[in-house]
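# A closer look at the structure
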There are 4 protein chains.
Amino acid sequence: MNKYTLLFIPALFAGQVMAQDKKPDPANDPKTTEVWEPVPKIVTPGKLPQDAPSDAIILFNGRNLDAWHSVKDPSKPAAWTIDDGFFTVKKGTGNIETNKKFTDYQLHLEWKIPENISGEGQARGNSGVFLASTGGGDDGYEIQILDVFNNKTYVNGQTGSVYKQAIPLANANKKPGEWQYYDIIWNAPRFNEDGTVLKPASVTLFLNGVLLQNGFVLKGATRYIGTPEYKKHGPSSIKLQDHGDPSPAISYRNIWVREL
Amino acid sequence: MNKYTLLFIPALFAGQVMAQDKKPDPANDPKTTEVWEPVPKIVTPGKLPQDAPSDAIILFNGRNLDAWHSVKDPSKPAAWTIDDGFFTVKKGTGNIETNKKFTDYQLHLEWKIPENISGEGQARGNSGVFLASTGGGDDGYEIQILDVFNNKTYVNGQTGSVYKQAIPLANANKKPGEWQYYDIIWNAPRFNEDGTVLKPASVTLFLNGVLLQNGFVLKGATRYIGTPEYKKHGPSSIKLQDHGDPSPAISYRNIWVREL
Amino acid sequence: MNKYTLLFIPALFAGQVMAQDKKPDPANDPKTTEVWEPVPKIVTPGKLPQDAPSDAIILFNGRNLDAWHSVKDPSKPAAWTIDDGFFTVKKGTGNIETNKKFTDYQLHLEWKIPENISGEGQARGNSGVFLASTGGGDDGYEIQILDVFNNKTYVNGQTGSVYKQAIPLANANKKPGEWQYYDIIWNAPRFNEDGTVLKPASVTLFLNGVLLQNGFVLKGATRYIGTPEYKKHGPSSIKLQDHGDPSPAISYRNIWVREL
Amino acid sequence: MNKYTLLFIPALFAGQVMAQDKKPDPANDPKTTEVWEPVPKIVTPGKLPQDAPSDAIILFNGRNLDAWHSVKDPSKPAAWTIDDGFFTVKKGTGNIETNKKFTDYQLHLEWKIPENISGEGQARGNSGVFLASTGGGDDGYEIQILDVFNNKTYVNGQTGSVYKQAIPLANANKKPGEWQYYDIIWNAPRFNEDGTVLKPASVTLFLNGVLLQNGFVLKGATRYIGTPEYKKHGPSSIKLQDHGDPSPAISYRNIWVREL
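Rules used in this analysis
- Per chain, the residues get numbers from 1 upward, laid out in the order the sequence is written.
- Labels follow written order: the first chain is A, the first ligand is 1, and so on.
- Local features in a predicted model are, by the rule used here, given only for residues with pLDDT of at least 70; side-chain atom pairs are given and counted only at 80 or more, and totals for whole chains, interfaces and linings are based on all residues.
- The side-chain figures draw on all heavy atoms in the structure; neither hydrogens nor water molecules are used.
- In what follows, residue pairs with any heavy atoms lying within 4.5 Å of each other are defined as contacts.
- In the sections that follow, a salt bridge refers to a side-chain nitrogen of Lys or Arg positioned within 4 Å of a carboxyl oxygen of Asp or Glu.
- In this text, helices come from DSSP runs of H or I with a minimum length of four residues, and strands from runs of E with a minimum of two, each type numbered from the N-terminal end.
- When residues are sorted by character, Ala, Val, Leu, Ile, Met, Phe, Trp, Tyr, Cys and Pro go into the nonpolar class, Asp, Glu, Lys and Arg into the charged class, and all the rest, Gly among them, into the polar class.
- Buried area, as used here, totals the accessible surface that two parts lose on assembly, with accessibility defined by a 1.4 Å probe and the loss added over both.
- Polar contact criterion, stated in full: a pair of N or O atoms within 3.5 Å, where within protein one must be able to donate a hydrogen and the other to accept it, and residues adjacent in sequence count only if both atoms are side-chain atoms.
- Three exposure classes are used, based on accessible area relative to the maximum for each residue type with a 1.4 Å probe and protein chains only: buried under 20%, partly exposed in between, and exposed over 50%.
- All copies are superposed by least squares; the fitting set is the C-alpha atoms of residues with a pLDDT of at least 70 in both.
- Side-chain rings of Phe, Tyr and Trp, where Trp is taken by its six-membered ring, are said to pair if the distance between their centres is within 6.5 Å; with planes under 30 degrees apart they count as stacked, over 60 as edge-to-face, and otherwise as tilted.
- Each ring is checked for a lysine NZ or an arginine CZ that lies within 6 Å of its centre and within 35 degrees of its normal; such an atom marks a charge sitting over the ring.

Okay, the interface of chain B and chain A next. On the chain A side, the residues contacting the 51 residues of chain B number 51 residues. Applying the counting rule to chain B against chain A returns zero salt bridges. Those elements that provide at least two residues to the side of chain B that touches chain A are strand S9 (179–187), strand S13 (210–217) and strand S15 (251–259) of chain B. The class makeup of the residues in the side of chain B that touches chain A is 28 nonpolar, 14 polar and nine charged.

Structure follows, in structure tokens:
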């Protein structure tokens, strides 16, 4: 060694120390909170907001109801009326539900109250989408569909209500004859082996782009009469209602779902 | 009275029993679970999915940034660049935030990575929307905005991440040069008087109609370095980020919010 | 410089690099996740499990009911019967509640069904503790107290039920004449300004050391008739019930509460 | 029949009407909200608060560690030191865990810092109970045990902390040489098939009868270094820690658990 070395070394050292001053404290390193996997899957969004993203399951392609069956007789196809690009409840044939069963999902669904709608209260364009069909008839968790553009009814039975459980946050209904759309996030309930609830269901719902349900935690299956209750179930069909009221039937189109 | 009385009595009785069969058991009356108020407010939805509903507050009208101010100097207007119908981050001027403060809300916001984007990782079209600006600089809860159409970075720093807290559920980014849109539900945190958390914040977020955050419960304010933490605050501005990276600046348009 | 310098420097450098290998990566430093404040307050626990910790508010000192008043007439003191170290419901005088109001708390409370209890179903030693008294009469959130040691009733009305909302997880009742104890964690509901629920109430409850309610989220105030509903309130008294049934009156002792 | 029939008929009628006046409106019938099953199981509580209820699984009977094995070598019995009615960590033998695996439970566990404790900070009577042992070593969810009667350390590493996640609500420690007791409610996390979290874990914990954790929702497994993360697991052992610090070993006794 010589003096130059001596002079040089401290400088080197100082450099190190300075570098350490910059990021000596691990709490100061942003890299410690970076996560690099799993890498989210690539999903190509639709061109228009209502278009199905690339990973969506199309539940109605505009031409047939092959993805659905009759609830009364699951061996039979759904017998509702198909038009060009949409289908309409065939009164008296009963509810229909998807062949495929789902747990958690994002659902897009469009519906139209007929322009010539009649009736009042719950008897005016009544239908509904059951986010999980847990049995025949109306068993499950129903989001109400109804003409409430200018029609008074109980508010926990309005369009966008979790039927008889949750009043919608707004009345964002369009007038009869116009297509309306639901965007729904369904988080299915989970159950313990003994049938008790491990995690209740919750739902977030937009009607025509307006938030109507904000992560509402369901009290159980929706019921026309009595108190909601949970009853253990697994993956379930999505079900559409043929309501018994005599008003003109409503139509559906453009239904797609993304499993979460 | 006479023997006819004898005949009549059972009839009377039967009538009572019949009436009781109809609605004797309160558990059988659907009216008991009807709720009639409060009546949800009427909101006229937009004509197109991206249009503001009637009760929305317009945060950018396409012409000026009057609803925003500079974060560095709140007495000064936001100095970003305005074009016809959109505005663009002016690099070096700092973040901007809304004059109005919010708690819970539904937010629609559109943004575009410039077609000539350059850079890589986090230095490629980086900006962000802070759902609540809880201080100067980058304090608050940031939803990341970044070109990740074809750009690798840490996944909890992708577009649609709750920055360094929650990986987005999908990569639904469009390519640079195309307008993209966020629909966000923000449930602000609530605090006890002593500053501890009463209820953490949660967020649901769609990018281009695809669900990226499903009611994610935030661990605290988002931080570049270190662990997220909550610090008591009340109603807050929405903030947009002027990120320091040298890549071309991104643009915004069509921003509206509905208070919940 | 000379060759010695050149030889030496790398060695120095290597040393630095090694040191950096040891703790260069902030993710490897346990100190980054240490938190040093706020320092939890010191609480001296009781000598026996049922004894009040040092920060508890004593709601019954064994000698008088100075901490309580009549619900019917809040200006009047609680007129129940005081014995040596315990007190007994005075039938017909109505409910009593604490002068002090509470939000979240840990409550210890002991009660005894009289040895000579008579009656059946709900008419057998019926009383209850309302975790928040939100009005006169039985308004609030009631945890049931009842002799169900050998007495059949509806299970959501058993001892330890959240009355008509939550069945207790077990029947851990002692026989009449023995003192029993509740340990309860009450997290009061919080409300938005418009009266809607920000955060529902939840309760955890032990009877005689056995868990009966495990963070149950209440659906609203407990009601004898109809559906539970929330109605906005703030800090509230704890209330004890003078139930109208004709069975012999039950006794209480050793009541303390810790505010959370 | 006879004339008395005549007199009787109106009475009958009146009776019906009166009965209907009393409970004509289903919303007024308290029976509609009674639930009669399932009937909660009968559990005989212990005589003293610390005694095991009748349905508890005894994890230490005062005489042997047959319910436990070595974590390092699960084929070997737990080799800690047994005294009359309690056992003591045998330094250097490693952690021990229960043979039986659990999901949700109520746990009672007593422990004692030796009177001659020495050391400071984390090196003073350090041990811990892992509510679910999710792997070898210290993998899992640790509730810290440490002498902090008069010993300063980071507060998220105090007795009763969810280690490095949750500061205890109070410091209710007794002095070295005294037995202390934990009462813990553990709600295990649940996972989706893909390993993501369906429902995070939560814990409620009392030390010596004082609430230290109030339904805290865990951010993941506890970690000495780095950020807590969840990793999918099922039913798991309860584990006790042989901490490497050189201070005198702590003792345990009276451990029982009730599955929920």
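Taken residue by residue, the interface counts 51 residues in chain D and 51 residues in chain C. In total, chain D and chain C occlude about 4,200 Å² of area from one another, counting both sides; carbon and sulfur atoms represent 63% of this. Along the contact surface separating chain D from chain C lie zero salt bridges. Where chain D touches chain C, the interface holds 20 residue pairs in polar contact (both at pLDDT 80 or more).

Below, the discussion takes up unusual backbone geometry. All names here are of chain A. For the bond running from Glu37 to Pro38, omega is 0 degrees, close enough to zero to count as cis. Inspection of the secondary structure assignment puts Pro38 in the loop between helix H1 (3–22) and strand S1 (57–58). Here the phi dihedral of Lys164 falls at roughly 60 degrees; this positive angle occurs in a residue that is not glycine. One can find Lys164 in the loop between strand S8 (140–145) and strand S9 (179–187). Located in the positive-phi region is Asn254, a residue other than glycine, with phi close to 50 degrees. Take Asn254: it is sitting in strand S15 (residues 251–259). Owing to a relative accessible area of 24%, Asn254 belongs among the partly exposed residues under this scheme.

Another aspect to go through is the relation of the copies chain D and chain C. Its rotation angle being 180 degrees, the transformation that places chain D on chain C also includes 0.0 Å of axial translation and leaves an RMSD of 0.0 Å. The transformation just described matches what one would write down for a two-fold rotation axis. Identified as the residue of chain D closest to the rotation axis by C-alpha distance is Pro49(D), at 3.3 Å. By residue overlap, the copies meet face to face through one surface: 100% of the interface positions of chain D are interface positions in chain C.

Another point: the packing of aromatic side chains. Going through the model one piece at a time under the given rule, you end up with 50 aromatic pairs over all chains. Ring geometry for Phe87(A) against Tyr252(A): centres 5.7 Å apart, planes inclined by 25 degrees, an arrangement best described as stacked. Taken together, the positions of Phe87(A) in strand S4 (residues 87–88) and Tyr252(A) in strand S15 put the pair 165 residues apart, joining distant regions of the chain. A centroid spacing of 6.5 Å and a plane angle of 55 degrees characterise the contact between Trp68(C) and Phe87(C), whose relative ring orientation is tilted. Separated by 19 residues along the polypeptide, Trp68(C) in strand S2 (residues 68–70) and Phe87(C) in strand S4 (residues 87–88) bring together distant segments of the chain. By relative accessible area, which is 0% here, Phe87(C) ends up buried. Through a chain of ring-to-ring contacts, three or more aromatic side chains come together here, namely Phe60(A), Trp68(A), Trp80(A), Phe87(A) and Tyr252(A). Taking the ring centre of Phe130(C) as reference, the NZ or CZ of Lys239(C) above it sits at 4.7 Å.

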